[in-house]
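# Breakdown of the fold
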Amino acid sequence: MKKLIEFKNVTKEYNIGEVPIKALNGVDFIINEGEFVVVLGASGAGKSTILNILGGMDTATSGKVTVGSQDLTGLNEKKLTAYRAEKVGFVFQFYNLIPNLNALENVKFAAEVCKNHLDAKEILTKIGLKNRMNNFPSQLSGGEQQRVAIARAVAKNPSLLLCDEPTGALDYVTGKSVLKLLQDLNRETKTCVVLVTHNAAIAPMADKIIRVKSGKIESVTVNELKQSVEGIEW
Ligand SMILES: Nc1ncnc2c1ncn2[C@@H]1O[C@H](COP(=O)(O)OP(=O)(O)OP(=O)(O)O)[C@@H](O)[C@H]1O
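The following refers to the structure shown. From a predicted model like this one, the values you see are computed outputs, not experimental measurements. (Residues numbered from 1 in each chain as written. Predicted model: local features only at pLDDT ≥ 70, side-chain atom pairs only at ≥ 80, totals over all residues.)

## As for the overall build of the chain
A count of helices and strands for the chain gives six helices and ten strands. Reported as C-alpha extents along the three principal axes, the dimensions of the chain are approximately 50 × 40 × 40 Å. Buried residues in the chain amount to 38% of all 234 residues. (Helix = DSSP H or I, 4+ residues; strand = E, 2+ residues; numbered from the N terminus. Buried ≥ 20, exposed ≤ 12 C-beta atoms within 10 Å, placed from the backbone.)

Following this line, the structure appears as structure tokens:
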């Protein structure tokens, strides 16, 4: 399998107050093209920091981060912004939709700045929101809003889909359907998905599980017996 992402001895320090906080302390891992990766760890372990660096929203203090042929640690602010806009789709716990745009406009607004974007209507239809395209976020349930947020991320046709606790605000059944959607999209489009969560029970749905503890990698496990989300209970 071809390598897509590499973290090499990555550190991240925050200098707030007297004592610097080492959010990441010598992190190494590799993610291959098309993989569905779950990043697990307790609160404060460094999961979001990894995701933010990978998405070009933050930069490493030292070490090297490569995505495809791009060395993110060498990019200036302008190039990092272009990387973030073109290559990365983001899904957060809170959907961050624009309240005065309907579902279709939310997806179009984000996607149409990207060169190789997909058709917003097609994606929303595929995601099961054909009849809700003209609804505003306030008229949609949490699960539907998260689907719009996923459509918005996917419509950019990104190389990488980054999800930070995407089911954190959803009930069990809705959360599970959102995970199924992400798993199906990964299977069908082969887009690499990196999903951060503290719910260790969903590890069996991943190709690879990266466990983070106190800013370090505790383990990287390749899951040979990947399961469909429907078959996992927690
Ligand atoms: N902007 C910041 N300034 C200072 N410290 C920060 C900042 N962002 C994160 N940290 C610290 O870095 C460490 C790692 O934080 P991070 O958000 O990556 O953890 P996490 O594993 O995602 O936690 P959670 O599951 O609670 O979201 C924590 O100690 C956190 O307090």
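Once the structure has been displayed, the description carries forward.
## Points about the site of the ligand
Taken together, 13 residues form the shell around the ligand, and within it Tyr-14, Ala-23, Ser-43, Ser-48 and Thr-49 come nearest. Among the elements of the structure, strand S2 (21-32) and helix H1 (47-54) are those that each provide at least two residues to the shell around the ligand. The element contributing the most residues to the shell around the ligand is H1, with three residues. Taken together, the residues of the shell around the ligand sort by class into five nonpolar, seven polar and one charged. (Near = placed C-beta within 6 Å. Nonpolar A, V, L, I, M, F, W, Y, C, P; charged D, E, K, R; others polar.)

## Looking at the pairing of strand S4 (residues 62-67)
Alignment of strand S1 (residues 3-14) against S4, held across five bridges, turns out to be antiparallel. Within S4, the position partnered with Phe-7 by the bridge is Val-65. Between the antiparallel neighbours S4 and strand S5 (residues 70-71) lie two residues, among them Gly-68 with a positive phi of about 60 degrees. (Pairing = 2+ DSSP bridges.)

## Comments concerning the nonpolar core
One finds Val-37, Val-39, Val-107, Ala-151 and Val-194 to be the most contacted residues of the largest nonpolar core, which totals 63 residues. The biggest single contributor to this core is helix H5 (residues 142-155), with seven residues. What Val-39 contacts, discounting residues up to four positions off in sequence, is Lys-47, Ile-50, Val-194, Leu-195, Val-196, Ile-210 and Val-212. (Core = buried A, V, L, I, M, F, W, Y, C linked by C-beta atoms within 7 Å. Contact = placed C-beta atoms within 7 Å.)

## What about the packing of H5 against helix H6 (residues 172-189)?
Their axes nearest at 10 Å, the elements H5 and H6 cross at an angle of 20 degrees. In terms of their interaxial angle, H5 and H6 are classed as roughly parallel. In terms of crossing hand, the pair formed by H5 and H6 is right-handed. Mapping the contact onto sequence places Gly-142, Gly-143, Gln-146, Arg-147, Ile-150 and Val-154 in H5 and Thr-174, Ser-177, Val-178, Leu-181, Leu-182 and Leu-185 in H6. Residue classes in the contact of H5 with H6 are distributed as six nonpolar, five polar and one charged. (Axes fitted to C-alpha atoms, helices over the stretch in contact; angles between N-to-C directions. Parallel < 35°, antiparallel > 145°, perpendicular 65-115°, else oblique. Left-handed = near helix turned anticlockwise from the far one by under 90°.)

## Examining the packing of helix H3 (residues 103-111) against H5
Relative to each other, H3 and H5 sit at 30 degrees, their axes nearing to 8 Å. Classed by the angle they form, the pair H3 and H5 counts as roughly parallel. Regarding H3 and H5, the two cross each other, and that crossing is right-handed. Contacts between H3 and H5 involve Ala-103, Asn-106, Val-107, Ala-110 and Ala-111 from the former and Val-148, Ala-151, Arg-152 and Ala-155 from the latter. Classifying every residue of the contact of H3 with H5 by side-chain character gives seven nonpolar, one polar and one charged.

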